[in-house]
Amino acid sequence: MDIKISQSINKALDGGELTAAELRELFAVHHLSEESFLIQQASRTLSEATSKGKAEVHAQIGIDTGPCAKNCDFCAFAVKNGLFREPKVHPTREIVEKCLRFEADGANAIYLMATAALALPAFIAIAREVRAAVKPELPLVANIDDFDEEGAKALRAAGFAGIYHCVRIGEGTVTAIDQRVRIRTIQAAQKAGLKLGTSVGPVGPEHTVDDLVATTIQTRRLKPANNASCRRVNIPGLPLAAHGTMTYAQMAHILAVVRLASGYDIIGHGTHEPNGIGAMAGANLFWAEQGANPRDVSEQTVRGWTVPRSREVLAEAGWEVLQGPSVMFAPS
Ligand code: SF4
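Residues numbered from 1 in each chain as written. Predicted model: local features only at pLDDT ≥ 70, side-chain atom pairs only at ≥ 80, totals over all residues. Heavy atoms only, no water.

### Some remarks on the environment of threonine 19
Worth spelling out the cut-off: Numbering of helices and strands runs from the N terminus, with a helix taken as a DSSP run of H or I at least four residues long and a strand as a DSSP run of E at least two residues long.
Here threonine 19 is to be found in the loop between α1 (3-13) and α2 (20-28). Along the primary structure threonine 19 and valine 213 are separated by 194 residues, whereas in three dimensions their C-alpha atoms are 9.3 Å apart.

### Thoughts on the site of the ligand
Our working definition: Note on terminology: near, applied to a residue and a molecule or strand, indicates that one of the residue's heavy atoms is within 4 Å of it. Classification used: nonpolar for Ala, Val, Leu, Ile, Met, Phe, Trp, Tyr, Cys and Pro, charged for Asp, Glu, Lys and Arg, polar for all others including Gly.
Around the ligand sit Cys68, Lys70, Asn71, Cys72, Cys75, Thr115 and Arg168, and that is every residue in its neighbourhood. Per-class residue counts for the shell around the ligand are three nonpolar, two polar and two charged.

### Re the nonpolar core
For clarity, the threshold we go by: Buried Ala, Val, Leu, Ile, Met, Phe, Trp, Tyr and Cys residues that are joined via side-chain atoms within 4.5 Å together make up what is termed a nonpolar core. Note on exposure labels: buried denotes an accessible area under 20% of the residue type's maximum, exposed denotes more than 50%, and partly exposed covers the range between, all computed with a 1.4 Å probe on protein chains only.
Core analysis: the biggest nonpolar cluster contains 47 residues, and Leu112, Phe123, Leu155 and Phe160 have the highest contact counts within it. Ala42, Leu46, Val203 and Met246 belong to the second largest nonpolar core, which has 25 residues in total.

### Overview of the pairing of strand β6 (residues 160-164)
Taken residue by residue, a regular strand's side chains alternate between the two faces of the sheet. Stated precisely, the cut-off is as follows: Any two strands with at least two DSSP-identified bridges between them are counted as paired. If you view a crossover with the strands going away from you and the path from the first strand over the helix to the second runs clockwise, you call it right-handed.
The element β6 is extensively covered by neighbouring structure, given that five of its five residues are classed as buried. When strand β5 (residues 140-143) meets β6, the two strands line up parallel, connected through three bridges. Opposite alanine 142, over in β6, you have isoleucine 163 as the bridge partner. Handedness of the β5-helix α6 (residues 149-157)-β6 crossover: right-handed.

### Structural notes on the packing of helix α3 (residues 34-51) against helix α9 (residues 248-262)
Quick reminder of the rule: Helix axes use the C-alpha atoms of the stretch in contact, all axes being lines fitted to C-alpha atoms, and the angles between their N-to-C directions lie in the range 0 to 180 degrees. Our angle categories are set so that under 35 degrees counts as roughly parallel, over 145 as roughly antiparallel, 65 to 115 as roughly perpendicular, and the remainder as oblique. Each crossing is labelled by how the near helix is turned from the far one, with a counterclockwise turn of less than a right angle marking it left-handed and a clockwise turn marking it right-handed. In this description, contact between two residues means that some pair of their heavy atoms is separated by no more than 4.5 Å.
At their nearest, the axes of α3 and α9 sit 8 Å apart, and the two run at 50 degrees to each other. One way to sum up the angle between α3 and α9 is to call them oblique. The interaxial crossing formed by α3 with α9 has left-handed handedness. Contacts from Ser36, Ile39, Gln40, Ala42, Ser43, Leu46, Ser47 and Thr50 in α3 reach Ala252, His253, Leu255, Ala256, Val257, Arg259 and Leu260 in α9. The residue inventory of the contact of α3 with α9, partitioned by class, reads eight nonpolar, six polar and one charged.

Given below as C-alpha cells:
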C-alpha cells in the first residue's frame, strides 16, 4: 500500500480538502488494485456519513427533441450530428402522466430536462402543469439551457427546488458553450435559492488525469448539493465513439475519488446510467430517465433503470433508500 495514497484517504475521511496533486495520485491508481478498493471503501464511508446511510432515486423526463445549436459533440441533438431535423415537444399531458408515475413509484425528486432549443417560457409553462399535478413537497429540478438572474427567479417562482447543471469536461472545446456562461448560470440559480446538482463527466477513455482533476476541483468550488460522475455513452457513428467507453469498474474508481474530493458538505453522490458497482463504491444517487435523452437517438427512451429497479439495486448494495421527498434538494 502506497503511503501517500493512504495519507490522502485518511485526510479526506478526516474532513481535509484534497489538493490537485493528491487528487492526481488518487485518479492515477489502477481501478482493480488494492489501493482502489480502499479508495472506494473510504468513498462509501464518506457517503454513508453525509447522507446518514440513505440513498435516493431521482427521475428525469426529457421533454423535447430536435437540433440544438450548442453542438455538444457527445449529444444526439447537436445540429452538427444531424440526427434530429425538426424540433418536437412532447405533449404536456404525456409529460404529466410520466411524472405522476415517477411519483407513484417512489422517486425522491423529478427532473424536467430540455434541449437548449426550447425557450424558457415554454419550458416553464410545462413545468407549471407538472408542479400542479405532483405533491407539493416533491422537489422539481430543471436540467436546461443557460439562463440569467431573471431566468433563475422565474424557475424559482414556478416551483423548482434546484437545477442540474454541469461544466462538462472539455466545455468550450467539445461544446459551443463558454465555461464562464455555465458558471454564471449556476451562480444565478444559487442566488435565487435554487440548489445545484452537478457532475464530473462525460468521461471517456481519452481523458487525462489532469482533465479529471480540473473538473473535479471545479465541481467542488460550485458548492453543489450533490455531485456525481458519469461516463460518456457513445452514439454509434458520432466522432467521439472512436475513443471507446469507460467500464463501470473504471467509473467506480473515478466516482470514489470525486467523492473523496467533495468532502462532508455535499450530501449526495450520483452515478449516471446507474452503475451497480458504483453503488458499492459510494454512489447514493441514481437517476431513472425517460422521454428524450442526449445519449439516445429515440424520441422516447428509458436510460438507466426504472425507479423501482434503481431502488432495488441500491438496496442490494446495502443502502436504505429514502422514502419521500429528496433530502438533497430540501429547502435549507
Ligand atoms: S447536451 Fe444539451 S446543450 Fe448540448 S447539444 Fe445536447 S441538448 Fe444541446
